[in-house]
There are 2 protein chains.
Amino acid sequence: MIKVVIIGAGNVATHLYQSFSKSKQLDVVQVFNRNVERLHFVNNPTKRTSNLEDLVEADIYLLAIKDEAIGELASELKVKSGIVAHTSGSQSMDILSGYENFGVFYPLQTFSKNKPVNFSEIPLCLEANSEENLDLLKKVGAFITDKVFEVSSEQRKALHVSAVFVNNFSNHLFSLAADFCKKEELPFDILRPLIRETVNKLESLDPYSAQTGPALRNDQKTISDHLEMLDEDRKKIYTILTESIQKLHGKEL
Amino acid sequence: MIKVVIIGAGNVATHLYQSFSKSKQLDVVQVFNRNVERLHFVNNPTKRTSNLEDLVEADIYLLAIKDEAIGELASELKVKSGIVAHTSGSQSMDILSGYENFGVFYPLQTFSKNKPVNFSEIPLCLEANSEENLDLLKKVGAFITDKVFEVSSEQRKALHVSAVFVNNFSNHLFSLAADFCKKEELPFDILRPLIRETVNKLESLDPYSAQTGPALRNDQKTISDHLEMLDEDRKKIYTILTESIQKLHGKEL
């Protein structure tokens, strides 16, 4: 069995713990958090600790903590031979270069505390300072998901910003539309099927081919009708995204 | 049985024809298109016509044609007693006020030619010039979907612009991310699970509560790291959406 220590008590730490615990090939030997109270999700209390000095030997130490805490924790954590890996999308691997064996174990997904996730569908982006370490991380990854990718720090940064576009920004567009519906006394439910279909289309089409709408058709009448209905902030968003669609698809405003 | 004539041969006309044909309470008595060749989707050739003079009597005439063609067709189409309704999200109902009975039958969905749709999940937005006409449209709508909504022209315009935000604009964000992945030699597939989860979350959360990310956390370090990686156009989009998230959620940049 591969022994794993998880550092952290947030969403990623919790979901990794739950997913690792299901695998017979993985043994979560300990979970660390400065505030031990937050480790209630760890079934066996003897595996919880808030003392870095107490950490047991393991093959992998996973730092599932906030980006800004990684550097400090890395300076305190003493590890002899195991691999120390963080789970951050935006931090370089080299932040852990003080260790002999280090890497990155980044699950590309949005986690919410109370929403269970199916880890087998989550892409894992892995990086390590040696082939041997990468192989071990891949082995661990393969126990919880089929989607294991070797991703460099540079690529991971591009993925992280892409994730902001596809998740944070599109969710915000949904919020703006929800707000719009509310003002017109319409239930947001009326938009849900369209949102679902927007994503379902991507099962068979790439997003470039799936593009539709007044910007793509260069339908100036509809565009100006829409702009008239929007406040200044939304007008700016509408205009800039319309221009960007037309630019990407080789049309002129 | 309620007799329906469909005018048009595009995506909406095709999908409406297919959906109506499945209902035992509806009889599509004729489908009109100026170019009769495009009516190949109509099984029975005797029901196809390209001559407006040949139109048969029906309870409802559905104009499933381009926005800009509705006015002209309405000026040519002679209808005695049936309801004339268009299927447009952006056109006012009054464009059909030359008829005695008129209305709107707007399916709020994105249609692609070769992708079958399940009409029962599509919201139908209905409007009519009288209670009686509205009732008939509702009756027809209920044969093909559970999601029938009475929606005023004003509300429909708000829905139409909302649809641009949730469908066209978010799809464009997916395109930009796909482009980004391509440059970094990463498969777009790596982002699909995140996109799916973004939408799955909305089954249990409203988009406002589902918001996450550096803009919401006001994580200036990550925001500036991201901006550094983007070209001028994408930087503008990133900045304006980040500001908009912070404004909606009551934070200051």
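This one's a predicted model, so the numbers in the text were calculated from it and none came from an experiment. One numbering rule holds for all chains: residues counted from 1, following each sequence as written. For this description, chains carry letters from A and ligands carry numbers from 1, given in the order in which they are written. Per-residue local features are limited, in this predicted model, to residues with pLDDT of at least 70; the limit for side-chain atom pairs, both in listing and counting, is 80 or more; totals at the level of whole chains, interfaces and linings are taken over all residues. Excluding hydrogens and water, the side-chain figures rest on all heavy atoms present in the structure.

Engineer: For the overall build of chain A, give the residues involved together with the corresponding values.
Structural biologist: Think of it this way: any DSSP run of H or I at least four residues long counts as a helix, any run of E at least two long counts as a strand, and we number them from the N terminus. Within chain A, the secondary structure is distributed over nine helices and eight strands. For the C-alpha atoms alone, the extent of chain A along its principal axes is close to 70 × 40 × 35 Å. Partly exposed residues are those whose accessible area sits between 20% and 50% of the maximum for their type, while under 20% is buried and over 50% is exposed, using a 1.4 Å probe and protein chains only. A buried classification covers 56% of the 253 residues belonging to chain A. In this analysis, two residues are considered to be in contact whenever any of their non-hydrogen atoms come within 4.5 Å of each other. Restricting the contact set of chain A to residue pairs at least 6 apart, pairs at least 24 apart contribute 55%. Surface accessibility follows the Shrake-Rupley procedure with a 1.4 Å probe radius. Residue values consider only the protein chains on display as shielding. If you sum the accessible surface of chain A, you get close to 11200 Å²; carbon and sulfur atoms cover 46% of it. Distance between charge centroids for chain A: 4 Å, based on 29 positive and 35 negative side chains. Note that His is not counted, nor are the chain ends; the positive residues are Lys and Arg, and the negative ones are Asp and Glu. Where a charge lies is defined by one atom per residue type: Lys uses NZ, Arg uses CZ, Asp uses CG and Glu uses CD.

Engineer: Any chance you could break down the pattern of salt bridges for me, citing the residues and the numbers?
Structural biologist: One speaks of a salt bridge when a side-chain nitrogen belonging to Lys or Arg is within 4 Å of a carboxyl oxygen belonging to Asp or Glu. One pass over the full model with this rule turns up 28 salt bridges over all chains. As a salt-bridge pair, Glu 150 of chain B and Lys 138 of chain B come within 3.7 Å of each other at their nearest N and O atoms. Of the two residues, Glu 150 of chain B is situated in strand β8 (residues 148–150) and Lys 138 of chain B in helix α3 (residues 131–144); the sequence distance between them amounts to 12 residues. For the salt bridge of Asp 219 of chain B with Arg 217 of chain B, the shortest nitrogen-to-oxygen distance reads 3.0 Å. Owing to a relative accessible area of 15%, Asp 219 of chain B belongs among the buried residues under this scheme. Bridged by salt links that share partners, the residues Asp 179, Lys 183, Asp 231 and Arg 234 of chain A form one connected network.

Engineer: Give me the lowdown on the sheet that holds strand β1 (residues 2–7) of chain A, citing residues and values where you can.
Structural biologist: Residue and element names in this part refer to chain A. Any two strands between which DSSP finds at least two bridges are classified as paired. Spatially, eight strands are ordered β3-β2-β1-β4-β5-β6-β7-β8 in an open sheet, and the strand pairing comes out mixed. Two strands lie at the open edges of the sheet, namely β3 (48–49) and β8 (148–150), each paired on one side alone. The strands that helix α3 (residues 131–144) touches are β1, β2 (26–32), β4 (60–63), β5 (83–86), β6 (102–107), β7 (124–128) and β8; relative to β7, the one it contacts most, it runs at about 165 degrees. Think of each axis as a best-fit line through the C-alpha atoms, taken over the contacting stretch in the case of a helix, with angles from 0 to 180 degrees between the N-to-C directions.

Engineer: How would you summarise helix α1 (residues 11–21) of chain A if you had to cite specific residues and measurements?
Structural biologist: Taken residue by residue, α1 of chain A has Ala 13, Thr 14, His 15, Leu 16, Tyr 17, Ser 19 and Phe 20 of chain A as its buried positions. Those residues of α1 of chain A that are buried lie in contact with β1, β2, β4, β6 and α3 of chain A.

Engineer: Describe the interface of chain A and chain B, with residues and values.
Structural biologist: Contacts between chain A and chain B engage 85 residues on the former and 85 residues on the latter. Summed over both partners, buried area is the accessible surface (1.4 Å probe) that two parts give up on being assembled. Both sides of the chain A and chain B interface together cover about 8100 Å² of buried area, and 69% of this is carbon and sulfur. Linking chain A with chain B are four salt bridges. With a shortest N-O distance of 3.0 Å, Glu 203 of chain A and Arg 196 of chain B are connected by a salt bridge. Nitrogen and oxygen atoms within 3.5 Å of one another constitute a polar contact, given that in protein one can donate a hydrogen and the other can accept it, and given that sequence-neighbouring residues count only through two side-chain atoms. Along the contact surface separating chain A from chain B lie 35 residue pairs in polar contact (both at pLDDT 80 or more). Put simply, the parts of the chain that give the side of chain A that touches chain B at least two residues each are α4 (153–183), α5 (192–200), α6 (207–210), α8 (220–229) and α9 (232–248) of chain A. Looking at the side of chain A that touches chain B element by element, the count peaks at 27 residues for α4 of chain A. Charged means Asp, Glu, Lys or Arg here, nonpolar means Ala, Val, Leu, Ile, Met, Phe, Trp, Tyr, Cys or Pro, and polar covers whatever is left, Gly included. A class-by-class count of the residues in the side of chain A that touches chain B yields 44 nonpolar, 23 polar and 18 charged.

Engineer: Could you give an account of the UniProt feature "domain: DUF2520" (unreviewed entry) in chain A, with specific residues and numbers?
Structural biologist: Mapped onto the present numbering, the UniProt feature "domain: DUF2520" (unreviewed entry) falls at residues 122–245 of chain A. Strand forms 6% of residues 122–245 of chain A and helix 69%; the C-alpha atoms that close the span are 29 Å apart. UniProt positions are given in the numbering used here, feature names are shortened, and annotations may be inferred rather than shown by experiment.

Engineer: Describe in detail the relation of the copies chain A and chain B, supporting the description with residues and values.
Structural biologist: All copies are superposed by least squares; the fitting set is the C-alpha atoms of residues with a pLDDT of at least 70 in both. For the pair chain A and chain B, the superposition axis carries a translation of 0.0 Å, the fit reaches an RMSD of 0.0 Å, and the rotation angle comes to 180 degrees. What the rotation and shift describe, once combined, is the action of a two-fold rotation axis. Within chain A, the C-alpha atom positioned nearest to the axis of rotation is that of Ser 170 of chain A, 2.5 Å from it. Comparing contact sets, 100% of the residues at the interface of chain A also lie at the interface in chain B, consistent with an isologous, same-surface contact.

Engineer: Got a sec to walk through the pairing of β6 of chain A? Specific residues and values, please.
Structural biologist: Residue and element names in this part refer to chain A. Burial within β6 is extensive, with six of its six residues counted as buried. In β6, alternate side chains face the same way, and those of Phe 102, Val 104 and Tyr 106 on one face and Gly 103, Phe 105 and Pro 107 on the other are all buried. Alignment of β5 against β6, held across three bridges, turns out to be parallel. Following the sheet pairing, Val 84 is matched in β6 by Phe 102.

Engineer: Could you give an account of the sheet that holds strand β4 (residues 60–63) of chain B, naming the residues involved and the relevant values?
Structural biologist: Residue and element names in this part refer to chain B. With respect to topology, eight strands assemble into an open sheet ordered β3-β2-β1-β4-β5-β6-β7-β8, the strand pairing being mixed. Among the strands making up the open sheet, the edge pair consists of β3 (48–49) and β8. Sheet contacts for α3: β1 (2–7), β2 (26–32), β4, β5 (83–86), β6 (102–107), β7 (124–128) and β8; angle to β7, the most-contacted strand, approximately 165 degrees.

Engineer: Kindly report on the domain arrangement of chain A, identifying the contributing residues and their values.
Structural biologist: Residue and element names in this part refer to chain A. If you check the domain split of chain A, you get domain 1 (2–151) and domain 2 (156–248). Centre-to-centre separation of domain 1 and domain 2, based on C-alpha positions: 36 Å. Of the residues lining the interface, 14 residues belong to domain 1; the matching set on domain 2 comes to six residues. Of the roughly 740 Å² buried between domain 1 and domain 2 on both sides combined, carbon and sulfur atoms contribute 60%. One can count one salt bridge joining domain 1 with domain 2. Note that Glu 127 and Arg 156 form a salt bridge whose closest N and O atoms lie 3.0 Å from each other. In this structure, the connection of domain 1 to domain 2 is made through three residue pairs in polar contact (both at pLDDT 80 or more). Secondary structure elements with two or more residues in the side of domain 1 that touches domain 2: β6 and β7. Broken down by class, the residue content of the side of domain 1 that touches domain 2 amounts to six nonpolar, seven polar and one charged. Domain delimitation in this document rests on an assignment produced automatically or drawn from a domain database.

Engineer: How would you sum up the UniProt feature "domain: Pyrroline-5-carboxylate reductase catalytic N-terminal" (unreviewed entry) in chain A? Please name residues and give values.
Structural biologist: Cross-referencing UniProt, the feature "domain: Pyrroline-5-carboxylate reductase catalytic N-terminal" (unreviewed entry) maps to residues 3–77 of chain A in the present numbering. Counted over residues 3–77 of chain A, helix gives 28% and strand 24%. Its end C-alpha atoms are 17 Å apart.

Engineer: An account of the environment of Phe 111 of chain B is needed here, citing residue identities and associated values.
Structural biologist: Inspection of the secondary structure puts Phe 111 of chain B in the loop between β6 and β7. Judged by relative accessible area, which is 10%, Phe 111 of chain B ranks as buried. Taking the C-alpha atoms as reference points, Phe 111 of chain B and Thr 145 of chain B, separated by 34 residues in sequence, lie 16 Å from one another. Excluding residues within four positions of it along the chain, Phe 111 of chain B makes contact with Lys 201 of chain A together with Asn 11, Val 12, His 15, Val 117, Phe 119 and Ile 122 of chain B.

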